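Observations on the model geometry
Spelled out, the chains give:
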Amino acid sequence: MSANDTAVTVLFTVDSLRADALPANGVVSTLGERGTVFENAFAHSNWTPFSFPSILGAKQVFGDSRGIGVADEPTLAETLQEAGISTAGFNGANGFLTEHWGYDRGFEEFESFTSGTGDSLYSKYLTAHPTVQAWLQVAVSPLRQLLGKEGGARNVSRMLDVERRAIDFVERAEPPFFLWVHYMDVHTPYVPAPKFVRDETGANVGSLKMLRAHAKAGLGREVGDDTLTDLEALYRAAIRQVDASVGRVLSALDRRGFRDDACIVLAGDHGEEFMEHGHLAHYPKLYEELVHVPLIVRNSDGNSDFGRENDPNTVERAVGLESIPATVCEAMGVEHGFSGGSLFGDDMDPVPVTSVAVRGDHVTYQPIPRHLDDGELIVSARTADWSYIYHTESERRELYDRRRDPDEQENLWAEYEGSEINGYLHDAVESRIEQIETDEGSEAVELPSDITNQLKALGYQ
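Residues numbered from 1 in each chain as written. Predicted model: local features only at pLDDT ≥ 70, side-chain atom pairs only at ≥ 80, totals over all residues. Heavy atoms only, no water.

**Points about the overall build of the chain**
Within the chain, the regular secondary structure consists of 15 helices and 15 strands. Burial statistics for the chain: of 461 residues in total, 57% are counted as buried. Counting contacts in the chain only where the partners sit at least 6 residues apart, residues at least 24 apart contribute 72% of the total. Total accessible area computed for the chain in this model is approximately 18800 Å², and 46% of it derives from carbon and sulfur atoms. (Helix = DSSP H or I, 4+ residues; strand = E, 2+ residues; numbered from the N terminus. Buried < 20%, exposed > 50% of the residue type's maximum accessible area, 1.4 Å probe, protein only. Contact = heavy atoms within 4.5 Å. Areas by Shrake-Rupley, 256 points an atom, 1.4 Å probe, with all protein chains shown as cover.)

Written as structure tokens, this is what we have:
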């Protein structure tokens, strides 16, 4: 892909969006038809605080500390702002993407929607605990329907607030500008509006059934096939809800006459598991369902050379989300120092993409580790065909040939020990480990209570 300087770039990120979950008939799929789909795009971790430093920051997680948050070097927004580009960022209430962690840096307009506007203690409590708010809205949905209220169980991820702020910015802003929009609808609990459930399943899924599916999973009960089917349907319906919102933001670009000349990027920050390896959600593991994410880029010059191998709309080589900052800067003609490498051009060496996780005493250990000293470091390396996972303390190794085993169920380590492919991938893992901050004096910082409440509300107790 070649880069023509564009005056407008919009970056959409969707929390917990796995690569195989996009609806075939949605706005995002159309974006892919007009742009380029990176078929083997990988997040650099299994969850938001480890993934996002590479999306909006200058380094992957643990690049300059043993904790989370963006690195001290200039962020994507700071780099663009320094070049005279207007910047705005709107995060749908993810407590890990706030000012506390440095994600407001470089944004002239920034809102994380994690603090309430109501004065009552009840209002503030619900705003600080979106999961509780989700359950309440699900619970009252039957009553709303009896009273003739529209919408039923409306989304609780602040999607409409984020969307309105994004559209307002588009309607006011003069190029050049950069807009970042982050959606939380696809993060558990999945509480899509009934319309999108009907679009996904062709039938009504009652609110009580929706609540029951989440309750069983949340209580740790064994998840049967029926419950798992319900959860997956709600998840995909939530994606349809986000898809519709993306369409409305793009329509705002249309009304201003910006869309055809804009660079549009859409990515999931990590995936979501539905029992493929024994769990739900996104616990500290590095399997396909958690790190393989959608990445779509539509540049202002359309489908120019993107280093495509076969299909004019797809790229097969493995790429990491750390390429997003350099790609945005190159699209907007801004000099940068990001090491991730731009996706433009066909001269990129196909190198393995690495990801990291930190696991406590067991997979579901709470609180989920967010510091290098909280558990065992796990590092993976991926090409378009192979996956390698290395557990640094136990030295357990896993190797998967995704061409034969796309779900990563058959560990081929013993069969390929000492092979060229195994050595190639392990070298990439060792290189990533060497990049990780090793200063033992870097200690975890105690969090303010409001931040702790937000993270508990997301299930990160």
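**Some points on the nonpolar core**
Counting 62 residues, the largest nonpolar core has Leu80, Phe178, Trp180 and Leu295 as the members making the most contacts within it. When residues in this core are grouped by element, the largest group, 5 residues, is from helix 12 (residues 324-331). Contacts of leucine 295, omitting those with residues within four sequence positions, involve Thr36, Val37, Phe38, Ala41, Val265, Leu266, Ala267, Val319, Leu321, Ile324 and Leu343. Phe12, Phe90, Phe177 and Val197 belong to the second-largest nonpolar core, a separate cluster that totals 49 residues. (Core = buried A, V, L, I, M, F, W, Y, C linked by side-chain atoms within 4.5 Å.)

**A look at the pattern of salt bridges**
Summed over the entire model, instances satisfying the criterion amount to 23 salt bridges. Its salt-bridge partner being arginine 165, residue glutamate 109 comes within 3.9 Å of it at the nearest N-O pair. Here glutamate 109, found in strand 4 (residues 109-111), pairs with arginine 165, found in helix 7 (residues 159-172); they are 56 residues apart in sequence, far enough to count as distant. Across the pair arginine 172 and aspartate 168 runs a salt bridge, and its minimum N-O distance is 2.8 Å. Of this pair, arginine 172 and aspartate 168 both sit in helix 7, 4 residues apart, roughly one helical turn. By relative accessible area, aspartate 168 is classed as partly exposed at 30%. Counted as one network, the salt bridges with shared partners bring together Glu109, Arg165, Asp168 and Arg172. (Salt bridge = Lys/Arg side-chain N within 4 Å of Asp/Glu carboxyl O.)

**Focus on the pairing of strand 13 (residues 376-382)**
Within a regular strand, side chains alternate between the sheet's two faces. For strand 13, a buried count of 7 out of 7 residues is recorded, marking the element as mostly surrounded by other parts of the structure. Here strand 13 shows a buried face lined by Glu376, Ile378, Ser380 and Arg382 and a second buried face lined by Leu377, Val379 and Ala381. Relative to strand 13, strand 12 (residues 353-359) runs antiparallel, the two sharing 7 bridges. Following the sheet pairing, serine 355 is matched in strand 13 by serine 380. Of the strand pairs in this sheet, strand 13 and strand 14 (residues 386-391) are connected by 5 bridges, and their pairing is antiparallel. Looking across to strand 14, one finds that serine 380 is bridged to isoleucine 389. Linkage of strand 13 to strand 14, two consecutive antiparallel strands, is achieved through a turn of 3 residues. (Pairing = 2+ DSSP bridges.)

**A look at the packing of helix 8 (residues 194-201) against helix 10 (residues 225-256)**
Direction vectors running N to C along helix 8 and helix 10 enclose 115°, while the axes themselves pass 8 Å from each other. In terms of orientation, helix 8 and helix 10 fall into the roughly perpendicular class. Where helix 8 crosses over helix 10, the two elements pack in a sense that is right-handed. Between helix 8 and helix 10, the contacting residues are Phe196, Val197, Asp199, Glu200 and Thr201 on the first element and Ala233, Leu234, Arg236, Ala237, Arg240, Gln241 and Ala244 on the second. For the contact of helix 8 with helix 10, the residue count by class is 6 nonpolar, 2 polar and 4 charged. (Axes fitted to C-alpha atoms, helices over the stretch in contact; angles between N-to-C directions. Parallel < 35°, antiparallel > 145°, perpendicular 65-115°, else oblique. Left-handed = near helix turned anticlockwise from the far one by under 90°. Nonpolar A, V, L, I, M, F, W, Y, C, P; charged D, E, K, R; others polar.)

**Let's talk about the packing of aromatic side chains**
Given two aromatic rings, their pairing is described by the distance between the two centres and the angle made by the two planes. Here the structure, examined in full by the defined rule, presents 16 aromatic pairs. When the centroid spacing of 5.2 Å and the interplanar angle of 75° are considered together, the rings of tryptophan 47 and phenylalanine 96 count as edge-to-face. Taken together, the residues tryptophan 47 in the loop between strand 2 (36-42) and helix 2 (48-51) and phenylalanine 96 in the loop between strand 3 (86-91) and strand 4 connect sequence positions 49 residues apart. The class of phenylalanine 96 is buried, set by a relative accessible area of 1%. Their ring planes at 65° and their centres at 5.7 Å tell us that phenylalanine 177 and phenylalanine 258 sit as a pair that is edge-to-face. In this pair, phenylalanine 177 sits in strand 5 (residues 177-183) while phenylalanine 258 sits in the loop between helix 10 and strand 6 (263-268), placing the two residues 81 residues apart along the sequence. Accessibility classification places phenylalanine 177 together with phenylalanine 258 in one group, the buried group. Members of the aromatic cluster, connected to one another through ring pairs, are Phe52, Tyr103, Phe107, Phe110, Phe178 and Trp180. The side chain of lysine 195 reaches across the aromatic face of phenylalanine 196, ending 4.9 Å from its centre. (Phe/Tyr/Trp six-rings, centres within 6.5 Å; stacked < 30°, edge-to-face > 60°. Lys NZ or Arg CZ within 6 Å of the ring centre and 35° of its normal.)

**Details of the environment of isoleucine 296**
Among the structural elements, isoleucine 296 can be located in strand 10 (residues 295-298). Taking the relative accessible area as the measure of exposure, isoleucine 296 reaches 4% and is therefore buried. The sequence separation of isoleucine 296 and valine 37 amounts to 259 residues, and the corresponding C-alpha distance is 4.6 Å. If near-sequence neighbours (up to four positions away) are discounted, isoleucine 296 is found in contact with Leu22, Val28, Leu31, Gly32, Thr36, Val37, Ile264, Val265 and Leu266.

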